[in-house]
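A structural walkthrough
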Amino acid sequence: MTRYAALLRGINVGGINIKMADLRSTFVDLGFENVKTVLASGNVLFDSDRDDVPALKSEIEAGLRAEFHYEAWVFVLDLDTVRKIVDDYPFDPEREGWHPYVLVTPEREVLDTLLSIQDELDPEVERVQAGDGVLYWEVERGMTLKSRFGKSTGAPKLKAFTTTRNLRTLHKLLK
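Attention in this report is confined to the structure presented alongside it. A quick note: this is a predicted structure, and the numbers were derived from the prediction, not measured.

Considering only enclosed or pocket space, the largest pocket measures out at about 710 Å³ in volume. Counting residues per element, the ones that place at least two in the lining of the largest pocket are helix H5 (148–153) and strand E8 (163–166). Top element by residues in the lining of the largest pocket is E8. It accounts for 4 residues. Its residues assigned to classes, the lining of the largest pocket shows 8 nonpolar, 12 polar and 4 charged. Roughly 350 Å³ of internal volume is contained in the second largest pocket. Along the walls of the second largest pocket sit 19 residues, with Val76, Leu77, Thr81, Val104 and Pro106 positioned nearest its centre. When contributions to the lining of the second largest pocket are tallied by element, the ones reaching two or more residues are helix H2 (53–68), strand E4 (74–78), helix H3 (79–87) and strand E7 (134–140). Per element, the largest residue contribution to the lining of the second largest pocket is 5 residues, and it comes from E4.

Next comes the structure, spelled out in structure tokens:
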């Protein structure tokens, strides 16, 4: 059995409200074991004996669409990958007055597009650095949605290809 984290994009914001008990039940109904939700922002831990991550992703998205009637976007990572992402965070995660974020995308082209504005960022407000399938982002508290990079991640065309988590949330998935 492999322990996975499913990171759902865009639930409990923007009108898509799902109770965590209902989300957990959906994963159990899909046949996953040891299902646990973490926080109310679309983080689900589960066990599966299958290792075909794209198939797991498709199955979960189809199950969520059927159960909750919305266009679901899910990112499935095994916990070893989550641990590596956390361990590789390049900035000081405890920097006072700053948020440590990780933007997850399996699409290299999307990562490259987002990195293309790196030189335009004000380092007094935010910094980004590429990782393996992720983009690490450090932003001054209060500037997440106002910053140059923050605005670029909200583009509708990126919805299906990215999700962002605070590093602290990823730590909670590992506990």
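Here we take up the sheet that holds E4. Judged by pairing direction, the sheet is antiparallel, and its 4 strands sit side by side in the order E2-E3-E1-E4 without closing on themselves. The sheet is open, and its two edges are formed by strand E2 (33–37) and E4, each paired on a single side. Going from strand to strand, the sheet's axes swing by 20° on average, the running direction of each strand aside. On top of the sheet, H2 reaches strand E1 (2–8), strand E3 (43–48) and E4; it is set at about 140° to E4, its chief contact.

Calculation notes
- Numbers given to residues run from 1 along each chain, matching the order in which its sequence is written.
- Totals for whole chains, interfaces and linings use all residues, but because this is a predicted model, local features are given only for residues with pLDDT of at least 70 and pairs of side-chain atoms are given and counted only at 80 or more.
- Note: side-chain values were computed over all heavy atoms of the structure, leaving out hydrogens and water.
- Points on a 1 Å grid over protein atoms alone make up a cavity when a 1.4 Å probe fits among them but cannot get out, and a pocket when they form an open set with protein on both sides within 12 Å along at least five of seven lines; lining residues each have an atom within 4 Å of a point.
- Grid points are joined across faces, edges and corners, and a volume is the space filled by probe spheres set on the points.
- Think of it this way: any DSSP run of H or I at least four residues long counts as a helix, any run of E at least two long counts as a strand, and we number them from the N terminus.
- In this classification, Asp, Glu, Lys and Arg are treated as charged, Ala, Val, Leu, Ile, Met, Phe, Trp, Tyr, Cys and Pro as nonpolar, and every other residue, Gly included, as polar.
- Pairing between two strands is assigned when DSSP locates at least 2 bridges connecting them.
- Orientation is described by lines fitted to C-alpha atoms, with helices fitted over the stretch in contact, and by angles between N-to-C directions that extend from 0 to 180 degrees.
- We call two residues contacting when some pair of their heavy atoms lies within 4.5 Å.

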